[in-house]
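A look at the structure
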Amino acid sequence: MATLIDGKKVAEEVLAECAQEIAELKEQGITPGLAVVLVGEDPASQVYVNSKARKCAELGIHSEKIVLSKEATQAEVLETVKRLNTDPAIHGILVQSPPPPQINEEEIVRAIDPAKDVDGFHPENVAKLALEDASGFVPCTPAGCMRLIKAAGVETSGAEAVVVGRSMIVGKPMALLLMARGSDATVTVAHSRTRDLAEVCRRADILVAAVGIPEFIRADFVKKGATVIDVGINRVEDATAKRGYRLCGDVAYDEVAEKAGSITPVPGGVGPMTIAMLMKNTIKAARAAKA
Ligand code: NDP
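What you are looking at is a predicted structure, and each value in this text was computed from that prediction instead of being measured. (Residues numbered from 1 in each chain as written. Predicted model: local features only at pLDDT ≥ 70, side-chain atom pairs only at ≥ 80, totals over all residues. Heavy atoms only, no water.)

Scanning the protein from terminus to terminus reveals 10 helices and 11 strands. Relative to the globule expectation of 19 Å for 291 residues, the C-alpha radius of gyration of the protein, 19 Å, shows essentially globular dimensions. In terms of overall dimensions, the protein has a C-alpha envelope of 50 × 40 × 35 Å along the principal axes. Within the protein, counting contacts between residues at least 6 apart in sequence, those at least 24 apart form 71% of the total. Counting every atom, the protein has about 13800 Å² of accessible surface; 53% of that belongs to carbon and sulfur. Averaging the locations of the 34 positively and 39 negatively charged side chains of the protein gives two centres separated by 1 Å. (Helix = DSSP H or I, 4+ residues; strand = E, 2+ residues; numbered from the N terminus. Rg over C-alpha atoms; globule rule 2.2 N^0.38 Å. Contact = heavy atoms within 4.5 Å. Areas by Shrake-Rupley, 256 points an atom, 1.4 Å probe, with all protein chains shown as cover. Lys, Arg positive; Asp, Glu negative; His and termini not counted. Charge placed at Lys NZ, Arg CZ, Asp CG, Glu CD.)

Turning to the site of the ligand, a few remarks are in order. Around the ligand, the surrounding shell holds 23 residues, and the nearest of these are Arg 166, Ser 167, Ser 192, Val 231 and Thr 274. Measuring from an oxygen atom of the ligand, one finds a side-chain N or O atom of Arg 166 at 2.7 Å. Taking Ser 167, its side chain carries an N or O atom lying 2.6 Å from an oxygen atom of the ligand. Here the ligand, which alone exposes 920 Å², has 70% of that area covered by the protein. (Near = heavy atom within 4 Å. Polar contact = N/O pair within 3.5 Å; in protein donor to acceptor, adjacent residues only side chain to side chain.)

This part is about the nonpolar core. Counting 51 residues, the largest nonpolar core has Leu 34, Ile 61, Ile 149, Met 174, Leu 178, Val 208 and Met 279 as the members making the most contacts within it. For this core, the elements supplying multiple residues, two or more each, are α1 (7-27), β2 (33-39), α2 (43-59), α6 (140-151), β5 (160-164), α7 (171-179), β7 (206-209) and α10 (270-290). At 10 residues, α10 tops the list of elements feeding residues into this core. Core analysis: the second largest hydrophobic core is formed by 21 residues, Leu 207, Ile 217, Val 251 and Ala 260 among them. (Core = buried A, V, L, I, M, F, W, Y, C linked by side-chain atoms within 4.5 Å. Buried < 20%, exposed > 50% of the residue type's maximum accessible area, 1.4 Å probe, protein only.)

It is worth spelling out the sheet that holds strand β8 (residues 227-230) at this point. The six strands are arranged β1-β11-β8-β7-β5-β6 in an open sheet whose pairing can be described as parallel. The open sheet is flanked by β1 (3-4) and β6 (186-190), the only strands paired with a single partner. Taken together, the two bridges between β1 and strand β11 (residues 262-263) define a ladder with parallel strand orientation. The residue bridging Leu 4 from the neighbouring strand is Ile 263, located in β11. (Pairing = 2+ DSSP bridges.)

The next subject is α2. Taking 1.5 Å per residue, 17 residues should reach 24 Å; α2 reaches 25 Å between its end C-alpha atoms and fits that length. Three or more residues of α2 are buried, namely Ser 45, Val 49, Ser 51, Lys 52, Lys 55, Cys 56 and Leu 59. Viewed end-on, α2 has its buried residues packed into an arc of 160°, placing them on one side of the element. Set apart from the buried face of α2 by more than 90 degrees, the exposed residues are Pro 43, Val 47, Arg 54, Ala 57 and Glu 58. Elements in contact with the buried residues of α2: α1, β2, β3 (62-68), β4 (92-95) and α10. (Expected span 1.5 Å × (residues − 1). Arc of directions from axis to C-beta.)

For the rest of this paragraph, the subject is unusual backbone geometry. With omega at -5°, the peptide bond leading from Ser 97 into Pro 98 counts as cis. Following the sequence through the fold, Pro 98 ends up in the loop between β4 and α4 (105-111). Between Val 266 and Pro 267 the backbone carries a cis peptide bond, its omega angle lying at -5°. Structurally, Pro 267 is set in the loop between β11 and α10. Here Asp 184, not a glycine, exhibits a phi torsion of approximately 60°, which is positive.

Because side chains alternate across β8, one face comprises the buried residues Thr 227 and Ile 229, and the other comprises Val 228 and Asp 230, equally buried. When β7 meets β8, the two strands line up parallel, connected through four bridges. Counterpart to Leu 207 in the pairing with β8 is Val 228. Where β8 and β11 come together, two bridges link them in parallel fashion.

What follows is about the environment of Lys 116. By the secondary structure assignment, Lys 116 is in the loop between α4 and α5 (123-131). Remark: the alpha-carbon pair of Lys 116 and Ala 288, spanning 172 residues in sequence, is separated by 9.7 Å. Every residue in contact with Lys 116, bar those within four places of it in the chain, is listed here: Leu 84, Asn 85, Thr 86, Asp 87, Ile 90, His 91, Gly 92 and Ile 93. Within polar-contact distance, the side chain of Lys 116 engages the backbone oxygen of Leu 84 at 2.9 Å.

Shown next, in the form of structure tokens:
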């Protein structure tokens, strides 16, 4: 049976580091500030935005939640971002995804000052990640996955890593982090056009699932003893659950846990790490703004 990689516990360690760093910054008269812009009323987005604001409050990070109507125009969102770019109390800005269809998300991301782009989605930060320039911001979810892999004591150097998914927010940056000098994994990125996916996945010493399909990764995709990182957060209907649904990952947890060496659960795996790394990035932005 696999060892559980406890994301909640590792996230608490990261947050304890954050608390220490915030105390140091406050001694210098700096309070890190994060602005979260929400366009529309997507219920899942509201949950995410509220939990980010709550975490900021717990840590003593100044936070602003800016809610624009679901009819907001591109110009209004851009205006909001521009205002936040020049606000000295705000060090980090993120616009919660997905925005309503009239909004061009790419243009919004490009409008964010790269020095405040704590999501790490601005092309300048994407380039810095590819260049292994540590001054950039790394997207929070893959950064959290790397921290979990390290916390689990898994050797990445020379390891075969397979990342299933090539999105700009998870799969692609995850692959870059695994292959970067210092991590030194041999990385394969799989996606919907990959042939013989199960066979490709079975090569992996480290298997990262970021697919967005509930329980997609089955036991026969997994090499015995592999480390399995499940990024997926899926709502599946469940009449026995209070809310009428339950959360599950992209990995069929029960059967994969029988075979893997270590595995992250959902919930309580990658999810708590994402928010912890966002706090880290906000602190990094505040520190860089001071310098
Ligand atoms: P995307 O939908 O942007 O990307 C999914 C990727 O999976 C794509 O590259 C797609 O391939 C690939 N894929 C889809 N179907 C298959 C298939 N049948 N076989 C192989 N590959 C396939 O999703 P995200 O990267 O944004 O998110 C992935 C998951 O992670 C979701 O469940 C999401 O909810 C979760 N998530 C969790 C976070 C957290 O904090 N824990 C944060 C962000 C996301 P192709 O490119 O060819 O279409």
